[in-house]
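# Topology and contacts: notes
Chain residues, written in single-letter form:
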Amino acid sequence: MSDCLFCKIASGEIPATLVHEDDACVAFNDISPQAPIHILIIPRVHIDSLDKTAAGDAALMGHLLTAAADIARKNGFAENGYRVVINTNADGGQTVFHLHVHLLAGRTFVFPPG
Ligand code: AMP
Ligand code: ZN
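Bear in mind that the values here come from a model prediction, so they are computed numbers and not experimental data. Throughout this document, residue positions are counted from 1 along each chain, in the order its sequence is written. To read the labels, note that chains go from A and ligands from 1, taken in the order they are written. Only residues with pLDDT of at least 70 are given local features in this predicted model, and only at 80 or more are side-chain atom pairs given and counted; all residues enter the totals for whole chains, interfaces and linings. With hydrogens and water set aside, each side-chain value is computed from the structure's full complement of heavy atoms.

## Focus on the side chain of serine 49
Operational definition: Only DSSP runs of H or I reaching four residues or more are called helices, and only runs of E reaching two or more are called strands; each is numbered from the N terminus. Relative accessibility thresholds used throughout: buried, under 20% of the residue-type maximum; exposed, over 50%; partly exposed, between the two (1.4 Å probe, protein chains only). Think of a polar contact as two N or O atoms within 3.5 Å of one another; within protein, one of them needs to be a possible hydrogen donor and the other a possible acceptor, and neighboring residues in sequence only count if both atoms come from side chains. Working rule for contacts: check all heavy atoms of both residues, and any pair within 4.5 Å makes them a contact.
Relative to the elements of secondary structure, serine 49 occurs in the loop between strand 3 (37-43) and helix 2 (58-74). The class for serine 49 is buried, based on a relative accessible area of 2%. One polar contact links the side chain of serine 49 to the main-chain amide nitrogen of aspartate 51, over a distance of 3.1 Å. When residues no more than four places from it in sequence are discounted, the contact partners of serine 49 are Thr88, Asn89, Gln94 and Leu99.

## Looking at the site of ligand 1
Stated precisely, the cut-off is as follows: Nearness is defined per residue: one heavy atom within 4 Å of the molecule or strand is enough. The accessible surface values rely on the Shrake-Rupley method and a 1.4 Å probe; as for residues, cover is taken only from the protein chains in view. A pocket, in this scheme, is an open set of points on a 1 Å grid over the protein atoms alone with protein on both sides within 12 Å along at least 5 of 7 lines, while a cavity is a set where a 1.4 Å probe fits but cannot get out; residues line either one if an atom lies within 4 Å of a point. Grid points define the cavity or pocket, and a molecule sits in it when more than half of its atoms lie within 2 Å of them.
The full set close to ligand 1 counts 16 residues, and Asp30, Asn87, Thr95, His100 and His102 are the nearest of them. Separating an oxygen atom of ligand 1 from a backbone N or O atom of threonine 95 is a distance of 2.7 Å. Protein chains shield 83% of the accessible area of ligand 1, which is 500 Å² for the free molecule. Of the pockets mapped on this structure, ligand 1 occupies the largest pocket. Within the residue set of the shell around ligand 1, elements represented by two or more residues are helix 1 (5-11) and strand 2 (25-29).

## Here we look at the coordination of the zinc ion (ligand 2)
Filter applied, for reference: Each metal site lists N, O and S donors within 2.8 Å (3.2 Å for Na, K and Ca). With water left out of the atoms, a site can look as if it is missing ligands. Under this scheme a four-donor centre is tetrahedral when all angles range from 85 to 135 degrees, a four-donor centre is square planar and a six-donor centre octahedral when opposite donors are above 155 degrees with the rest from 65 to 115, and any other centre is irregular.
Each protein donor to the zinc ion (ligand 2) is listed here as Cys4 (SG), Cys7 (SG), His46 (ND1) and His98 (ND1); together their distances run 2.0 to 2.3 Å. Taken together, the 4 donor atoms surrounding the zinc ion (ligand 2) define angles of 106 to 118° at the centre, an arrangement classified as tetrahedral. In the primary sequence, the donor residues of the zinc ion (ligand 2) line up as C-x2-C-x38-H-x51-H. Taken together, the residues span a long stretch of sequence, with cysteine 7 in helix 1 and histidine 98 in the loop between helix 3 (89-92) and strand 5 (101-105) at a distance of 91 residues. For the pair cysteine 7 and histidine 98, one class covers both residues: buried.

## Focus: the environment of phenylalanine 77
Along the chain, phenylalanine 77 falls in the loop between helix 2 and strand 4 (82-85). In this structure, the C-alpha to C-alpha distance between phenylalanine 77 and alanine 105, residues 28 residues apart in sequence, is 7.1 Å. When residues no more than four places from it in sequence are discounted, the contact partners of phenylalanine 77 are Ile37, Ile39, Ile71, Ala72, Tyr82, Leu103 and Ala105.

Right, dumping it as structure tokens:
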């Protein structure tokens, strides 16, 4: 999608601090971190939200989650723990409509979230 912020980050048109990239996804630091570690993992292809995924996206969605786990292990916070969040549509708190996985760590999280 031509006017999408996260598509522009994935293509390098808008800068971000990348922590991981591969053929299918890009991961970068959130510009407004909600925890000491706050990374966003996005697919290179544009998908508006989790609500727009279908069975054909199953491998890609699995890839985003295993990328999150790999990033956590490689950066040394897997053992302490972390939280993975996908805000979806208005009630889910989604503000950027390019599907993304939040990977948060470095503090203790409460459940349920607000
Ligand atoms: P959400 O509310 O789930 O849609 O999350 C969108 C996230 O994108 C928020 O945590 C924002 O802080 C983050 N964000 C917005 N613009 C940028 C940017 N240019 N670089 C990195 N993160 C961003
Ligand atoms: Zn996009």
